[in-house]
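What follows is the residue order along each chain.
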Amino acid sequence: MFSSGVPINTNQRTHPGSALVIAVKDFARNPGGMRNLEETVPAPGELSVAMIGVQEGSEVDLDLSLEAVHEGIFVSGTASVHVVGECSRCLDPLAYDLDVDIQEMFFFEGLAPVRAAKEDDNESLDDEQRLVENDHIDLEPLLRDVVVTALPFRPVCREDCQGLCSVCGIRLADEPGHHHEDLDPRWAALSGLAEDQEN
Ligand SMILES: [Zn+2]
Ligand SMILES: [Zn+2]
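In this text, all values refer to a predicted model and were calculated from it rather than measured experimentally.

Right, let's get into the pairing of strand 7 (residues 93–108). Note: strand 6 (residues 72–86) against strand 7, 15 bridges, orientation antiparallel. Its bridge partner being in strand 7, Val 83 is matched across the sheet by Tyr 96. Linking strand 6 back to strand 7 in an antiparallel pair, the connection comprises six residues, with Leu 91 at a positive phi of about 65°. The sheet contact formed by strand 7 and strand 8 (residues 130–132) spans three bridges and is parallel.

What follows deals with the coordination of the zinc ion (ligand 1). At this site the zinc ion (ligand 1) is bound by Cys 87 (SG), Cys 90 (SG), Cys 157 (SG) and Cys 161 (SG), with donor distances of 2.3 Å. Considering all four donor atoms around the zinc ion (ligand 1), the spread of angles at the metal, 105 to 114°, places the coordination shape in the tetrahedral class. Counting along the primary sequence, the residues that act as donors to the zinc ion (ligand 1) give the motif C-x2-C-x66-C-x3-C. For Cys 87, a relative accessible area of 0% puts it in the buried group.

Another aspect to go through is the coordination of the zinc ion (ligand 2). Four donors placed tetrahedrally around a metal ideally meet at 109.5 degrees, and six donors placed octahedrally ideally meet at 90 or 180 degrees. Within the protein, Cys 165 (SG), Cys 168 (SG), His 178 (NE2) and His 180 (NE2) serve as the donor atoms for the zinc ion (ligand 2), at 1.9 to 2.3 Å. Classification of the site at the zinc ion (ligand 2) rests on its four donor atoms, whose angles at the metal span 103 to 117°, yielding the label tetrahedral. Mapped onto the sequence, the residues coordinating the zinc ion (ligand 2) show the spacing C-x2-C-x9-H-x1-H.

This paragraph deals with the nonpolar core. Within the largest apolar cluster, 38 residues are counted, with the highest numbers of intra-cluster contacts made by Val 24, Leu 62, Leu 66, Ile 73, Val 75, Ile 137 and Leu 139. Per element, the largest residue contribution to this core is six residues, and it comes from strand 7. If near-sequence neighbours (up to four positions away) are discounted, Ile 137 is found in contact with Leu 20, Val 21, Ile 22, Val 24, Leu 66, Ile 73, Val 75, Phe 106 and Val 132.

What follows is about the confidence of the model for the protein. Confidence in the prediction for the protein averages 82 pLDDT; 76% of positions are at 70 or higher. Here helix 2 (residues 121–126) stands out as the least confident element of the protein, with mean pLDDT 49; strand 6 is the most confident, with 97. For residues 1–16, every residue scores under 50 in pLDDT, and the model assigns this stretch 23 contacts once sequence neighbours within four places are set aside.

Inspection of the entire model under this criterion finds seven salt bridges. For Arg 171, the salt bridge identified is with Asp 92, shortest N-O distance 2.9 Å. Within this pair, whereas Arg 171 is found in the loop between helix 3 (139–150) and helix 4 (185–198), its partner Asp 92 is found in the loop between strand 6 and strand 7, the two being separated by 79 residues in sequence. Here Arg 130 makes a salt bridge to Asp 145, at a shortest N to O gap of 2.8 Å. Of the two residues, Arg 130 sits in strand 8 while Asp 145 sits in helix 3, which places them 15 residues apart along the sequence.

Together, Glu 38, Glu 59, Asp 61, Asp 63, Asp 97, Asp 99 and Asp 101 make up a negatively charged patch on the protein surface. Residue assignment for the negative patch shows that the elements contributing at least two residues are strand 5 (59–69) and strand 7. Structurally, the position occupied by Asp 99 is in strand 7. Looking at Asp 99, the relative accessible area reads 56%, which means it is exposed.

Attention now goes to the environment of Leu 66. Looking at the secondary structure, you find Leu 66 in strand 5. For Leu 66, a relative accessible area of 0% gives the class buried. Taking C-alpha positions, Leu 66 is 9.8 Å from Glu 104, a pair spaced 38 residues apart along the chain. In this structure Leu 66 touches Ile 22, Val 24, Phe 27, Gly 33, Met 34, Arg 35, Leu 37, Ile 73, Phe 74, Val 75 and Ile 137, once residues within four positions along its chain are discounted.

Below, the discussion takes up unusual backbone geometry. Of note, the phi angle at Glu 46 is positive, near 60°, even though the residue is not glycine. Here Glu 46 shows up in the loop between strand 2 (34–42) and strand 3 (47–49). Classification of Glu 46 by relative accessible area gives exposed; the value is 64%. Of note in the backbone geometry, Leu 91 takes a positive phi value of approximately 65° without being a glycine. Mapped onto the fold, Leu 91 is located in the loop between strand 6 and strand 7. Judged by relative accessible area, Leu 91 falls into the partly exposed class, the value being 46%.

Cut-offs used in this document
Residues numbered from 1 in each chain as written. Chains lettered and ligands numbered in written order. Predicted model: local features only at pLDDT ≥ 70, side-chain atom pairs only at ≥ 80, totals over all residues. Heavy atoms only, no water. Pairing = 2+ DSSP bridges. Helix = DSSP H or I, 4+ residues; strand = E, 2+ residues; numbered from the N terminus. Donors = N, O, S within 2.8 Å, 3.2 Å for Na, K, Ca; no water. Tetrahedral: all angles 85-135°; square planar, octahedral: opposite > 155°, others 65-115°. Buried < 20%, exposed > 50% of the residue type's maximum accessible area, 1.4 Å probe, protein only. Core = buried A, V, L, I, M, F, W, Y, C linked by side-chain atoms within 4.5 Å. Contact = heavy atoms within 4.5 Å. pLDDT = per-residue confidence, 0-100. Salt bridge = Lys/Arg side-chain N within 4 Å of Asp/Glu carboxyl O. Patch = residues over 30% accessible without salt bridge, like charges linked within 9 Å, V, L, I, M, F, W, Y side chains within 5 Å. Areas by Shrake-Rupley, 256 points an atom, 1.4 Å probe, with all protein chains shown as cover. Lys, Arg positive; Asp, Glu negative; His and termini not counted. Charge placed at Lys NZ, Arg CZ, Asp CG, Glu CD.

Structure, rendered in structure tokens:
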């Protein structure tokens with residue numbers, strides 16, 4: 001029933017030491033079997049985008065259910081992470097908790113649906129197939145995908161953050177009504193020059 005045993009996707013490596021690599025051997029071959037995975041694990045690296053992300057080693061709370069189905073293991077539930085970063089307007093530090101939804105199928109090798117080769121590279125990247133490998137599932141790439149997707153590209157400390165003064169760089173929220181009366185000295189010099197030429 002299970003062919004050859006040659007891995008279909010050699011790009012997906014498993015990391016036996018990682019807390020996010022879950023052994024599923026005991027129930028994987030019994031369709032209908034269920035297991036709850038409620039665990040706190042250290043965050044892997046690279047759960048971040050430019051100005052914001054999850055610190056490596058910080059706590060990730062997993063509240064997942066693993067369901068054995070004919071084709072593989074269906075993983076669903078939530079992962080909660082603590083996000084830290086900088087406001088993209090005023091550069092103040094910001095931090096918040098983020099819950100991401102997880103709904104993902106890990107296929108047994110040989111049972112992943114066969115898909116026609118796609119001409120468009122971007123399209124084939126969109127729906128990467130995850131596999132049960134050596135009776136384990138690796139949640140790390142999945143967690144990275146869902147967390148990075150949920151991070152704002154331009155985080156703000158609050159929606160109406162006014163950012164920094166473009167002239168002197170102070171935080172505008174600290175000084176309501178802040179503005180600059182005087183002309184920039186370079187402009188003053190130029191207007192002086194213009195007057196000279198007129199005379
Ligand atoms: Zn801000
Ligand atoms: Zn200013």
